[in-house]
Amino acid sequence: MKSIGTTMKHSNDQSAPSVVDKKSIQAFTSLFHQRSDALNLIKQLIHLVKAVQRHRGMSMGLLGGNALFREEFTRLQRQISERLHLFASFAARVQHLVPVREQENLQSAWVTISHDWQEDSVIDNYELHCHLIEQLLALLALLAKQLEQPMAAVLASANEPTQIYATSAVYPNRFKQLEVLHFSTRLMPSVAEQIGRIRALATYTAALGYCDIDYASKLRYVIQCTRVNNEKLRHQAKRMEGILEKDSPLLSQLKSYEIKLTFLLNMVEQDVLKEGKINADSNRLFELATDIIDMYLNSVDEGIILIERWHNDEIENWIISSS
């Protein structure tokens, strides 16, 4: 009899989760995968932004008469088409994250850019690229909003005090994540895009050999915007370095790239924004700007990797908050 009682007791202790527990687990699992999908799409968007920015700079260099971009440009154009199709394939699995209309708009914008691009006016080529990149950056910010709140807080019922999930004991990276998200999906990509616009305009005018009044006006405006926003970026990077400590080694390199950016802006102002014939090397301008843009977007990649790591930590955070 004793053994039977012991067996029954053990059976009760190891009972299956209740229906409520199962629903809670299913809700957590669904949200976890949704955010994993959002992170995957964010990473693809960053690569697309980088590629379309590069395509814009090369196409304008080619339209200005620099044929040295031709081979890489042709390869890049194929890659962007493939990246967009791949993005659409992943987005189709989770249509609530990226509406079908948004996917169609991206494809339509790219077809307009890539079809008979040699016949476009330079200004149309530039504006069409900028419009597509603005669409990509808007989607990037939209997807990033999915990650702003800790999962435990999102899943908490109306009767539960969600404030507990803001404590350092349960969710130590919540406020760090908000800072990293803003830095990596809004501020840094925005400055990188402004430098990308400078690269495109300066590469074209240098290849052409002179800078007319319209392009000079556009260059001066984007240089001014870059200086203002890069100052904001500098202060935020310093703040981030203190918050993240050793989690973001690339941040410490940004100071040296500020010097490179200043050098680029001064070079454009002195060698491109001038009357008469321009002797500036369009390849050198393109490569210098590209080096800076790549560094900035590598910092974005690093931030997303950190967010992804914290996302995977959510499993333990949820278990702790539920116990």
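In the block above lies the structure referred to throughout.
Residues numbered from 1 in each chain as written. Predicted model: local features only at pLDDT ≥ 70, side-chain atom pairs only at ≥ 80, totals over all residues. Heavy atoms only, no water.

K.L.:
Which parts of the structure should I look at to understand the overall build of the chain?
P.N.:
Looking only at helices and strands, one finds 10 helices and 0 strands in the chain. Out of the 323 residues in the chain, the part that is buried amounts to 47%. A fraction of 82% describes how many contacts in the chain between residues 6 or more apart in sequence connect residues 24 or more apart. A total accessible area of about 16700 Å² is found for the chain, and carbon and sulfur atoms account for 53% of it. (Helix = DSSP H or I, 4+ residues; strand = E, 2+ residues; numbered from the N terminus. Buried < 20%, exposed > 50% of the residue type's maximum accessible area, 1.4 Å probe, protein only. Contact = heavy atoms within 4.5 Å. Areas by Shrake-Rupley, 256 points an atom, 1.4 Å probe, with all protein chains shown as cover.)

K.L.:
Would you explain the pattern of salt bridges in this entry?
P.N.:
Pairs can form between side chains of opposite charge once their charged atoms are near each other. Scanning the entire structure with this criterion turns up 16 salt bridges. Note that R56 is salt-bridged to E193, the shortest N-O span being 2.9 Å. Here R56, found in helix α2 (residues 19-63), pairs with E193, found in helix α7 (residues 174-208); they are 137 residues apart in sequence, far enough to count as distant. We classify R56 as buried; its relative accessible area is 0%. Here K260 and D291 are joined by a salt bridge, their closest N and O atoms 2.7 Å apart. Of this pair, K260 sits in helix α9 (residues 254-272) while D291 sits in helix α10 (residues 282-322), placing them 31 residues apart in sequence. (Salt bridge = Lys/Arg side-chain N within 4 Å of Asp/Glu carboxyl O.)

K.L.:
Can you walk me through α7 in this structure?
P.N.:
Turn by turn, an α-helix covers 3.6 residues, leaving residues three or four places apart pointing in a common direction. With 35 residues, α7 ought to run about 51 Å at 1.5 Å a step, and its terminal C-alpha atoms sit 50 Å apart, in line with that. α7 sits mainly inside the fold: 27 of its 35 residues count as buried. Downstream of α7 by one or two residues, G209 has phi in the positive range, about 100 degrees. (Expected span 1.5 Å × (residues − 1).)

K.L.:
Quick question: what am I supposed to make of the nonpolar core here?
P.N.:
The tendency in soluble globular proteins is for nonpolar side chains to be buried side by side. Among the nonpolar cores identified, the biggest contains 91 residues, and F87, F183, I195, L264, V268, L285 and Y296 are the most heavily contacted of them. Elements supplying a minimum of two residues to this core: α2, α3 (70-93), α4 (100-114), α5 (122-145), α7, α8 (213-244), α9 and α10. Ignoring anything within four residues of it in the chain, the contact list for L285 reads A202, A206, L264, M267, V268, V272 and A280. In terms of nonpolar packing, the next biggest core, distinct from the first, is built from 5 residues, L31, F32, M151 and W318 among them. (Core = buried A, V, L, I, M, F, W, Y, C linked by side-chain atoms within 4.5 Å.)

K.L.:
Sorry if this is basic, but what is going on with α3 here?
P.N.:
For α3, with 24 residues, the first-to-last C-alpha span of 36 Å sits near the 34 Å given by 1.5 Å per residue. Of the positions making up α3, those classed as buried are F73, L76, Q77, I80, L84, F87 and A91.

K.L.:
Where do I start with the packing of α3 against α4 in this structure?
P.N.:
Between two packed helices, both the angle of their axes relative to each other and the distance between the axes serve to describe the pair. Running from amino to carboxyl end, α3 crosses α4 at an angle of 170 degrees, the nearest separation of the two axes being 10 Å. The angle between α3 and α4 falls in the class roughly antiparallel. When α3 is examined against α4, the residues Q77, I80, S81, L84, H85, F87, A88, A91 and A92 are found in contact with a partner set consisting of Q103, L106, Q107, W110 and S114. Class assignment of the residues belonging to the contact of α3 with α4 gives a composition of 8 nonpolar, 6 polar and no charged. (Axes fitted to C-alpha atoms, helices over the stretch in contact; angles between N-to-C directions. Parallel < 35°, antiparallel > 145°, perpendicular 65-115°, else oblique. Nonpolar A, V, L, I, M, F, W, Y, C, P; charged D, E, K, R; others polar.)

Note that all results are geometric; they support no functional claim without further evidence.
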